[in-house]
Amino acid sequence: MTIVNNAFIASVLIYSFLYDSRLLYIFIGIIIIYQVLSYLFYPNVGYGSGRRRLSQALWSPPTEGVIHNLVEIDLTNTMKYLSSQQAKDSRVTLTHICIRAIAECINASRKKICGKIVFGKFVEFPTIDISCLVNIGEGDDLAALLVQNADKKTFEDIAEYINGKAKLAKQGKDEEHQQRSGLLKYLPPFVISLLIQVTSFLTYNLGITIKALGLKKDCFGVATVTSIGTLGFKNAIAPFTPMMRNLLIVTVNQIVDKALVKDGQIVIAPTFQLNFCTDHRFLDGGAIVKSNKVLYDVFENPDKYARK
């Protein structure tokens, strides 16, 4: 219904400018009344932080088809690999390995799923770019850091880039993030919602870069990874963020020891849930099965994927 709503609003505005300005006054008047009512009934309640305003602007009741793929992964070999790397002062973490793993999953069915749907057409991306959400404000702010060509980068390459960009963002020195989030603290949610729809259409549908807002074309890539294990979540699923227009969003949950059956024996092994929220327009059951095989292989044989 988004295109219908947008077309209706655009029609009202165009008609009012061309033929009858009274329609524009009614349109603006309804918005003003809405704002006045919000202050009359809730005078002491603000919109909250910039991130809270963004959340209100983005989400509405779900109407689209999504597939939730909850994958439990045995981390025995991965933890051995990480331990060996820590001895070498490596800064690679499970999240960095997950980013490469997701890129490999997408590469397994690249021609069918590595792209975007615009104007009802599937447009393939030339590279596999993965966003990583990083907490930079103690829960009040998130930065989306885009790892380009993630399938061709080593774990070390990904770790170096993510850690470096996250440090700049936390210090307020990342120009792109400052441009993206700067306006949020001054605008009400309904204005943010309209701004997001316009900028998403320009950057995603038309492939236009908006330098003033720190938005490049397709700037969130084909997928997003968010790590919430440090917050104590063991089996959470992250929702889609409309402005990012991703094929999937992947949640990295907390590492827990579980009893597993290996070679007919019950053993205690480190595991975690890597949970997927996927767009059904791109993915079906067959593609997910194929991707899961690659996913398991990355964590079973991390040394194999540690190199380019």
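Preceding this paragraph is the structure being described.
On a predicted model such as this, the values are computed, not experimentally measured, just so you know.

Asks: Please explain the environment of Val294 as it appears in this structure.
Replies: Relative to the elements of secondary structure, Val294 occurs in helix 10 (residues 285-300). Along the primary structure Val294 and Cys105 are separated by 189 residues, whereas in three dimensions their C-alpha atoms are 5.8 Å apart. In this structure, Val294 is in contact with Glu104, Cys105 and Ala108, ignoring residues within four places of it in sequence.

Asks: What should I look at first to understand the packing of aromatic side chains in this one?
Replies: In this description, a pair of aromatic rings is defined by centroid distance and the angle of the planes. Counted by the stated rule, this structure contains three aromatic pairs. The interplanar angle of 45° and the centroid separation of 5.2 Å between the aromatic rings of Tyr15 and Tyr19 together place this pair among those described as tilted. The exposure class assigned to Tyr19 is exposed, which follows from its relative accessible area of 64%. Ring geometry for Phe272 against Phe299: centres 5.7 Å apart, planes inclined by 65°, an arrangement best described as edge-to-face. You can see Phe272 sitting in strand 9 (residues 265-279) and its partner Phe299 sitting in helix 10, a full 27 residues away along the chain. Residue classification places Phe272 among the buried positions, given a relative accessible area of 1%. By relative accessible area, which is 1% here, Phe299 ends up buried.

Asks: Quick question: what am I supposed to make of the environment of Gln197 here?
Replies: Counting through the fold element by element, Gln197 comes out in helix 9 (residues 189-205). Classification of Gln197 by relative accessible area gives partly exposed; the value is 31%. In sequence terms Gln197 and Pro242 are 45 residues apart; their C-alpha atoms lie 9.0 Å from each other.

Conventions we followed
- Residues numbered from 1 in each chain as written.
- Predicted model: local features only at pLDDT ≥ 70, side-chain atom pairs only at ≥ 80, totals over all residues.
- Heavy atoms only, no water.
- Helix = DSSP H or I, 4+ residues; strand = E, 2+ residues; numbered from the N terminus.
- Contact = heavy atoms within 4.5 Å.
- Phe/Tyr/Trp six-rings, centres within 6.5 Å; stacked < 30°, edge-to-face > 60°.
- Buried < 20%, exposed > 50% of the residue type's maximum accessible area, 1.4 Å probe, protein only.

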